[in-house]
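In case you want the letters, here they are:
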Amino acid sequence: MNSQSLNYIEQIYSDYLSNAENVSPEWRQFFQENGWRAATDNVAVNGSQNGSAEPPAATPPPPPANAPPRPQTAASPPPETAAEPLEAPPQPFQSKSPPRVGGEGRPARGDVQLVALQERVDQLIRNHRVRGHIIARLDPLKQPRPQPPELDPAYYGFTEADYDRVFSTRTSYGPQERTLREIVGWLRNTYCRFIGAQFMHIDDLSVRQWLQDRMESNENRIHLRRDEQLRILRKLTDAVIFEEFIQKKFLGAKSFSLEGAESLIPLLDMAVEDAGSDGVEEIVLAMAHRGRLNVLANVIGKDPRQIFREFEDVDSEQHIGRGDVKYHLGYSSNRRTANGRDVHLSLCFNPSHLEFVNTVAMGRMRAKQDRTGDRERRKGLTLTIHGDAAFAGEGVVQETLNMSELPAYTVGGTIHLIVNNQIGFTTTPQEGRSSVYCTDVAKLLQIPIFHVNGEHPEAVAQVLRLAMDFRYKFQRDIVIDMYCYRLRGHNEGDEPSFTQPLLYQAIEQRKSVRKGYLDHLLELGGVSRQEAEQIAEERQAHLERELASARSEHFVPQQDMLNKVWKGYRGGKESEAPDIDTGIDRTRLSQLLEAQTYVPEGFTVHPKIKRGMDRRLEMAHGSVPLDWAAAESLAFASLATQGYPVRLTGQDVERGTFSHRHAVLHDVKNGATFMPLNHLSEDQAVVEIFNSPLSEAGVLAFEYGYSLDSPDALVMWEAQFGDFANAAQVVIDQFIASAEDKWRRLSGLVLMLPHGFEGQGPEHSSARLERFLLLAAEDNMQVVYPTTPAQVFHLLRRQMLRHWRKPLVVMTPKSLLRQKDCVSSMDDLASGQFERVISDPKIPDLSKAERILLCTGKVYYELCQRREELELEKDVAILRVEQLYPLPTKALEKALATAPDGAQVIWVQEEPENMGAWRFLRCHYGDNLLGRLPMTCVTRPASASPATGSRSAHVWEQNKLIAEALGEE
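Just so it is clear, the structure is predicted and the values come from calculations on it, not from any experiment. (Residues numbered from 1 in each chain as written. Predicted model: local features only at pLDDT ≥ 70, side-chain atom pairs only at ≥ 80, totals over all residues. Heavy atoms only, no water.)

(A) Here's a closer look at the sheet that holds strand S5 (residues 195-198). Here we have eight strands laid out as an open sheet, ordered S5-S11-S12-S10-S9-S6-S8-S7, and mixed in their pairing. What marks the edges here is a single partner per strand, and that holds for S5 and strand S7 (331-336). Neighbour-to-neighbour, the strand axes of the sheet open up by a mean angle of 20°, direction not taken into account. Relative to strand S12 (residues 478-483), strand S11 (residues 449-453) is paired through five bridges, and the arrangement is parallel. The partner of Ile 449 across the bridge, within S12, is Val 479. (Pairing = 2+ DSSP bridges. Helix = DSSP H or I, 4+ residues; strand = E, 2+ residues; numbered from the N terminus. Axes fitted to C-alpha atoms, helices over the stretch in contact; angles between N-to-C directions.)

Here you go:
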């Protein structure tokens, strides 16, 4: 029952009072057993008579499900103690008349109460929990906010005469009875002061009750000791002095100042301290550019001299063609908290594409947790800092939130902190979003959203502590929306009053957060002005010393060395990374493949998959050659049993888009799952293969982040079709292709992109090979198009066994997965290595060839088939270029060594002329391959779209291309 049931109960009880026989036996028993009885009199309710009754005291709701006990923080007051004096409720609740007694005051227990009036009180309480945030004083600029009528007691018919009447609050934390005046003051203080809470959308009653009790027990305030207040003041001082120092010393330079949102620094400081108390050992942070320099200096621990040196920009020769602006850079450090705990902090590097770093940070944290065996996700914390416009506007935010509780991507809850400047560049909230709050997208999760006034540091501290406690207990994401403002324009050279004149008139009238908090502490007597001035002077002097050091001719730049998990790995040129033998013993290969055909006793495999497993057993015994899926699984199995973790995610990867992998088996009788790759040996590394949500950008960024902290793991993302990788182009351009050049960050991430023209239309044909080749420079990545199972086996093993770490982009097959000629023997896997260029075994001496074709990928098999039909095996040589980048120049020289000077070479590709590899190769090799072999091409005509949508047209085009390549036309 709830308050909406009260009118119904009231009518039944009235019938019961008139004659007990008028109600059912169940209701008679209920009233008798619970102590209900007739009232001694009727009480006037707003001038009317109402013979209603009060139900008995409700049993308190059960506590939430048990969780590991959270370490107690000394600053947290007892739950039954209000942290500060009760704030006086607004008018018209100012009557000082004493509470009434008798029938109009506190009646004896069991007396008939004002049920209808109590129902309205219950509605008032609930509406404050649901909508109190709307009238909370969140905006430092005090812009008008809506005033919902349901938050006004007058809406329910209450008058001044009712304010001192006593009502039940038994379903709330604290006293079981309060006057209406006390109820309204308590509600306003809890839900409408400087914190607005959105939590009633959460379906789980235990979670709502936990949040409700935590907020209502202390009116959503925190009690801070003097030393904690001083720490906040010190951190605010650090933030303010740092920004003022940069503005004075580097006049006009872009720094993307934090001014107007300085409460971010004490908030993050407290987050680190609380996380340490919770047993967190690593924190990964991600943020955009606004305030990054301040966070680097005052939270992460980067020496200001390093930052000032970057402003001075005197080491330009070290950054020609590389590096990034200072407000995109990351940093890591070790920090010892006040209670003696060591916490490692990592701030991710981030381009200007704002929100795409979110899942990069999550991926990094997941990798750290997996590496240390933290399967409970307790020892790491991900904290992402957002702008209000970006959080509402960037679609990858929704992808990030959606991934947060999926088994493949959960990190035990992320703290999302929005620095709400109430503007995006020059765009107002009214222009930038359709929702009330920038955080409304987060309501897709069963998590609370806290809005807080950033000009009130202690309210910010309360929200942060509540958020940390919630994450610790429920291991879910949580959102903090800190309202503030942007003192300057989008950057220091921008004039914001051009577009927001009234807003910036209001901003100019504001005093700094530090000054406001100092005034508050001075009023409380918690600090003296002399102490505050000393703190500021010490910080100013420290920055002056750091600047002097930065400008010294003896300054030594901090070296960004590969250490810890990256020790022993390297980037740079591929020519400096020696090739290695990637084969393994044939007997061992047979054992690993055979082990993948076993399932637990009683596990019923789908009949069609069972036939495939039987065929795989034949492959293990050498009876039939290996197909692509078998070679791939052997690469995974061999690496896992050598101690290399394997992780593969993407849409439908467990089965495979083309139903070829079947890495995760499903029992057809009970739905149980089994992954043979995780049952190869007792000491093997883990193999993780997860289906991803229907997302490219968020998932690829996550796996990229995972690879940043797992150089010893084979980390792969597979697109459903290679064409769909373009939905993650930002991640490819801004992180994967350029991170080593910009940030000196290495990654061994593998992108597996199904590619090939097979008549499936323009969106299911091309992984846009040309785009990756356009990004290829300075050996920043590997781009390959393997054509045999043995090649993909050696390729994946090479990616791990070499200590050269670069992203690997693989054009993977579709029809070749079942092409009868696309097979390899067990011996092909047992010896050798990945071949960058494969010569034509039918014409080893190219001097005898009348025609030399170079190609890559699937078209090779079509050329061979037609060549055989035309009986041209001795006349036309077909060579395969398996690695397109880094350029396989030495391998081409070796493969073409027997070709006479002047022999024409024809590049054949099924992609249009403006796509594929042709223009890339011509750009690098010109019209004379290797300086001696004239090179032309056979391609589809240049086109705006990759492929035709007509199957018949595709066949005609493909036949024409093959015929031209072989000289039929």
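From this point, the discussion proceeds with the structure in view.
(B) Representation of the nonpolar core. Within the largest apolar cluster, 99 residues are counted, with the highest numbers of intra-cluster contacts made by Leu 211, Leu 233, Leu 264, Leu 268, Ile 283, Phe 308 and Met 482. Top element by residues in this core is helix H14 (residues 457-474). It accounts for 10 residues. The residues touching Leu 233, leaving out its near neighbours within four places in the chain, are Arg 514, Tyr 517, Leu 518, Leu 521, Val 527, Ala 532 and Ile 535. Judged by nonpolar contacts, the second largest core, of 78 residues, contains Leu 879, Leu 892, Ala 899 and Ala 917. (Core = buried A, V, L, I, M, F, W, Y, C linked by side-chain atoms within 4.5 Å. Buried < 20%, exposed > 50% of the residue type's maximum accessible area, 1.4 Å probe, protein only. Contact = heavy atoms within 4.5 Å.)

(C) Geometry of the packing of helix H6 (residues 226-249) against helix H9 (residues 304-312). As a packed pair, H6 and H9 sit with axes 12 Å apart at the nearest point and diverge in direction by 25°. Classified by the interaxial angle, the pair formed by H6 and H9 is roughly parallel. Here the hand of the crossing between H6 and H9 comes out right-handed. Residues Phe 242, Phe 245 and Ile 246 of H6 touch H9, and the partners they reach there are Ile 307, Phe 308 and Phe 311. (Parallel < 35°, antiparallel > 145°, perpendicular 65-115°, else oblique. Left-handed = near helix turned anticlockwise from the far one by under 90°.)

(D) Layout of the sheet that holds strand S22 (residues 851-855). Taken together, the six strands give an open sheet; going across it, the order is S21-S23-S22-S25-S27-S26, and neighbouring strands pair in mixed fashion. Each edge of the open sheet is held by one strand with a lone partner, namely strand S21 (837-838) and strand S26 (928-929). Here two bridges tie S21 to strand S23 (residues 876-881), and the two strands are oriented antiparallel to one another. Paired with Val 837 across the strands is Val 881, a residue of S23.

(E) How the structure looks around the packing of aromatic side chains. Within this structure, the stated rule accounts for 20 aromatic pairs. Taking 4.7 Å as the distance between ring centres and 15° as the angle between the ring planes, the aromatic pair formed by Phe 250 and Phe 311 counts as stacked. Here the residue Phe 250 occupies a position in the loop between H6 and helix H7 (264-277), and Phe 311 occupies one in helix H9, the gap between them amounting to 61 residues. Here Phe 250 matches Phe 311 in class, with each residue buried. Taking 5.8 Å as the distance between ring centres and 75° as the angle between the ring planes, the aromatic pair formed by Trp 566 and Tyr 569 counts as edge-to-face. The pair Trp 566 / Tyr 569 is uniform in exposure class, with both members buried. Three or more aromatic residues joined by ring pairs make a cluster, and in this case those are Phe 242, Phe 245, Phe 250, Phe 308 and Phe 311. (Phe/Tyr/Trp six-rings, centres within 6.5 Å; stacked < 30°, edge-to-face > 60°.)

(F) Quick peek at the environment of Thr 427. Here Thr 427 shows up in the loop between strand S10 (414-420) and helix H13 (429-432). Looking at Thr 427, the relative accessible area reads 33%, which means it is partly exposed. Once the C-alpha coordinates of Thr 427 and Ala 389 are considered, the two residues, 38 residues apart in sequence, prove to be 8.3 Å apart.

(G) View of the environment of His 201. Mapped onto the secondary structure, His 201 falls in the loop between S5 and helix H5 (205-216). On a C-alpha basis, the gap between His 201 and Leu 445 in space is 9.2 Å, while along the polypeptide they are 244 residues apart. The residues contacting His 201, other than those within four sequence positions of it, are Lys 443, Leu 445, Gln 446 and Ile 447.

(H) Seen up close, the pairing of S12. In terms of burial, S12 is a largely internal element, six of the six residues being buried. The two faces of S12 match: Ile 478, Ile 480 and Met 482 on one face and Val 479, Asp 481 and Tyr 483 on the other face are all buried. Where S10 meets S12, six bridges bridge the pair, whose relative direction is parallel. Along S12, the bridge assignment pairs Val 419 with Met 482. Note that the unit made of S11, H14 and S12 has a crossover that is right-handed. (Right-handed = clockwise from strand over helix to strand, strands pointing away.)

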